[in-house]
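Examination of the molecular architecture
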Amino acid sequence: MTTTDRNNLTQDSKSIRSNKFKVLSTPNLSLGKRRGKEEIEVVQFGDLPQELHRLGEGKHYLIRTFGCQMNEHDSEVMAGILENMGYTATEQEEDADVILFNTCAIRENAEDKVFGHLGRMKTLKRERPHLIVGVAGCMSQEESVVNTIMQKYQHIDLILGTHNIHRLPYLLQEALYSKEMVVEVWSKEGDIVENLPKVRQDGLKAWVNIMYGCDKFCTYCIVPYTRGKERSRHPEDVIAEVRELARLGYQEVTLLGQNVNAYGKDFSHIQYGFGDLMDEIRKIGIPRVRFTTSYPSDFDQHLIDVLAKKGNLMEHIHLPVQSGSNAMLKLMARKYTRETYLDLVHRIKEAIPDVSLTTDIIVGFPGETDEMFEETLSLVKEVEYDSAFTFIYSPREGTPAAKMQDDISEEVKKERLQHLLDVQNEISRRKNEALRDQVLEVLVEGESKTNPDVLAGRTRTNKLVHFKGDTSSIGQFVYVRITDPLTWTLNGEQVFTE
Ligand code: SAH
Ligand code: SF4
Ligand code: F3S
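Here the structure is a predicted model, which is why all the values come from computation and not from measurement.

The rules we used
- Residues numbered from 1 in each chain as written.
- Chains lettered and ligands numbered in written order.
- Predicted model: local features only at pLDDT ≥ 70, side-chain atom pairs only at ≥ 80, totals over all residues.
- Heavy atoms only, no water.
- Domains from an automatic or database assignment.
- Contact = heavy atoms within 4.5 Å.
- Buried area = accessible area lost by both parts, 1.4 Å probe.
- Salt bridge = Lys/Arg side-chain N within 4 Å of Asp/Glu carboxyl O.
- Phe/Tyr/Trp six-rings, centres within 6.5 Å; stacked < 30°, edge-to-face > 60°.
- Buried < 20%, exposed > 50% of the residue type's maximum accessible area, 1.4 Å probe, protein only.
- Helix = DSSP H or I, 4+ residues; strand = E, 2+ residues; numbered from the N terminus.
- pLDDT = per-residue confidence, 0-100.
- Near = heavy atom within 4 Å.
- Nonpolar A, V, L, I, M, F, W, Y, C, P; charged D, E, K, R; others polar.
- Axes fitted to C-alpha atoms, helices over the stretch in contact; angles between N-to-C directions.
- Parallel < 35°, antiparallel > 145°, perpendicular 65-115°, else oblique.
- Left-handed = near helix turned anticlockwise from the far one by under 90°.
- Patch = residues over 30% accessible without salt bridge, like charges linked within 9 Å, V, L, I, M, F, W, Y side chains within 5 Å.
- Areas by Shrake-Rupley, 256 points an atom, 1.4 Å probe, with all protein chains shown as cover.
- Lys, Arg positive; Asp, Glu negative; His and termini not counted.
- Charge placed at Lys NZ, Arg CZ, Asp CG, Glu CD.

A word on the domain arrangement of the chain. If you check the domain split of the chain, you get domain 1 (5-184), domain 2 (192-433) and domain 3 (439-495). For domain 2 versus domain 3, the separation of C-alpha centres amounts to 25 Å. Taken together, the 21 residues of domain 2 in the interface contact 19 residues of domain 3. Between domain 2 and domain 3, roughly 1600 Å² of surface is buried when both sides are summed, and carbon and sulfur atoms account for 48% of that area. The largest contributions to the domain 2 side of the interface with domain 3 come from Leu204, Arg288 and Asn432, which together make up 38% of the buried area. Along the contact surface separating domain 2 from domain 3 lie four salt bridges. Ionic pairing is found between glutamate 445 and lysine 205, a salt bridge with its closest N-O pair at 2.8 Å.

Pasting the structure below:
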């Protein structure tokens, strides 16, 4: 069965036509939650029909991205598809013929930002009536968002979801010609589409999807609903893509998945996991390989052993813990305990002593007491993360946690966040201080964003380094002695060796 058949069969197949809308399919979160047994097929993104190839000739597109790395990579795919259609990129809204918002649904403030932009588009559309404004990404997968756009933002021309990005040319054509708001969002994931065109943001670092979706269903999280079930790309497709990037001169790849440690669990024909994949990618001539995100209880010893071989596998692991309290972890449905997490950290540090560990933490989850929060602080102190992303819990409609009583005041949530930041910043500063006078390998990424006289690059452990140097070294590896370590960055001097 093809992707389109499956979606038409399982969801809203009615096609509503009115003066304003052409609704091909709308999202449904409870369908998005279901996990079917269908085999995932791999299909190829084929050549576009001639008329679509030329649709964008002489026209410009602009994509605004709001989400995680996967969302950013989806924007690169959409850019690739649009350029295939003849469009060229612009940074200026006034020059754009197509503006796409690639949205994120992870927290409420991410969504509020997008609605602000969508509102603003009304004026722009008045000035440029031919402009097509589209909404893509995780917010499009939420029925409440689609309803709001259909009711209150009728100047929007196109809504597409995360599962049908490859349908963009057809939907865009429909939006251009029908003058109606075109809505096509599949609730269920479809097949894996290979051979997607991509316009990568730079020629140095590249993202590579290794899998899609998430089956973990942490009780606070919307991702399993917006991204569907876990589906792994075949190892040979991933490896071919990394090889091609190496051939093109890329210096670094970051392998992407919501839970990279579940890679391969959905294969029925082979026994092959993330450790196996990394062991093969290790042999490819690409200088740096990173990956994100790891899920603690799926992180196996085989992977630790492979990472310990180092080479092009960087010693940085992003290992979200969310909370240090077992009671919280249970309510969050994270499938590990404080003890098993700490045991994993211990084994990682033993195998890779200079590893850098970073994490994600949520404060103010329903039911979090002062004592539970203290347990998070004590875990942070015990692990000594290099840095942490910290978030105030944000209820997401349709998730189990949204039904739990959100019993902590905004004030307490903010206090806890600040307390946690203070503790973490002190640790980050101390860990960076330990690098003083060390000479580190740095991949030079460009000029510093704040000071063009200074170059910026990253260490193997993904720390940002600033130093004075010649712009000719951008894109290359240099050695830098750390002279002035700060909390979030390292300042240093380039060291020239024979
Ligand atoms: N797949 C990754 C993370 C994806 S979302 C993982 O499991 O680690 C990135 C981070 O956003 C999460 O780790 C979590 O800390 C945070 N997050 C997710 N849902 C949230 C919510 N409803 N409120 C606040 N933070 C949330
Ligand atoms: Fe969300 Fe949990 Fe999946 Fe991460 S593992 S994407 S936090 S459900
Ligand atoms: Fe946001 Fe979707 Fe990524 S909700 S964090 S863009 S998977």
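Back to the text.
So, about the packing of aromatic side chains. Throughout the structure, instances matching the rule amount to ten aromatic pairs. Seen from their ring centres, phenylalanine 217 and tyrosine 225 are 5.7 Å apart, and the 90° between their planes marks the pair as edge-to-face. In this structure phenylalanine 217 comes out as partly exposed when scored by relative accessible area, which is 22%. For the ring pair phenylalanine 274 and phenylalanine 291, a centre distance of 5.3 Å and an interplane angle of 65° mean the geometry is edge-to-face. In this pair, phenylalanine 274 sits in helix H10 (residues 274-281) while phenylalanine 291 sits in strand S15 (residues 288-292), placing the two residues 17 residues apart along the sequence.

Put simply, the chain has an average pLDDT of 94, and 96% of its residues get 70 or more. Under a pLDDT of 50 for its full length, residues 1-18 has, in the predicted model, 42 contacts with residues more than four places off or in other chains.

A separate point is the site of ligand 3. Taken together, the neighbourhood of ligand 3 is formed by Gly67, Cys68, Asn71, Cys104, Ala105, Ile106, Cys138, Val223, Arg227 and Gln258. Two domains each donate at least three residues to the shell around ligand 3, and these are domain 1 (5-184) and domain 2 (192-433).

The subject of this paragraph is the site of ligand 2. Taken together, the residues surrounding ligand 2 are Cys214, Lys216, Phe217, Cys218, Tyr220, Cys221, Val223, Pro224, Gln258, Tyr295 and Arg334. Here the residues of the shell around ligand 2 sort into eight nonpolar, one polar and two charged.

It is at 11 Å that the axes of helix H9 (residues 235-247) and H10 come closest, and there the two elements cross at 30°. Relative to H10, the element H9 is oriented roughly parallel. Our pair here, H9 against H10, has a crossing hand that is right-handed. In this structure, H9 uses Pro235, Val238, Ile239 and Val242 to contact H10, whose residues at the interface are Leu277, Glu280 and Ile281. Of the residues that constitute the contact of H9 with H10, the class distribution is six nonpolar, no polar and one charged.

Turning our eyes to something else, we now look at a negative patch on the surface. The grouping of Glu339, Glu371, Glu374 and Glu375 at the surface amounts to a negative patch. Position of glutamate 375 among the secondary structure elements: in helix H14 (residues 370-383). With relative accessibility at 32%, the residue glutamate 375 sits in the partly exposed group.

We now examine unusual backbone geometry. For residues besides glycine, phi is generally negative; the peptide bonds are generally trans as well. With an omega of 10°, the peptide bond between threonine 292 and threonine 293 qualifies as cis. Tracing the chain through its elements places threonine 293 in the loop between S15 and helix H11 (301-307). Residue alanine 333 is not a glycine yet carries a positive backbone phi of 60°. Judged by its relative accessible area of 24%, alanine 333 is partly exposed.

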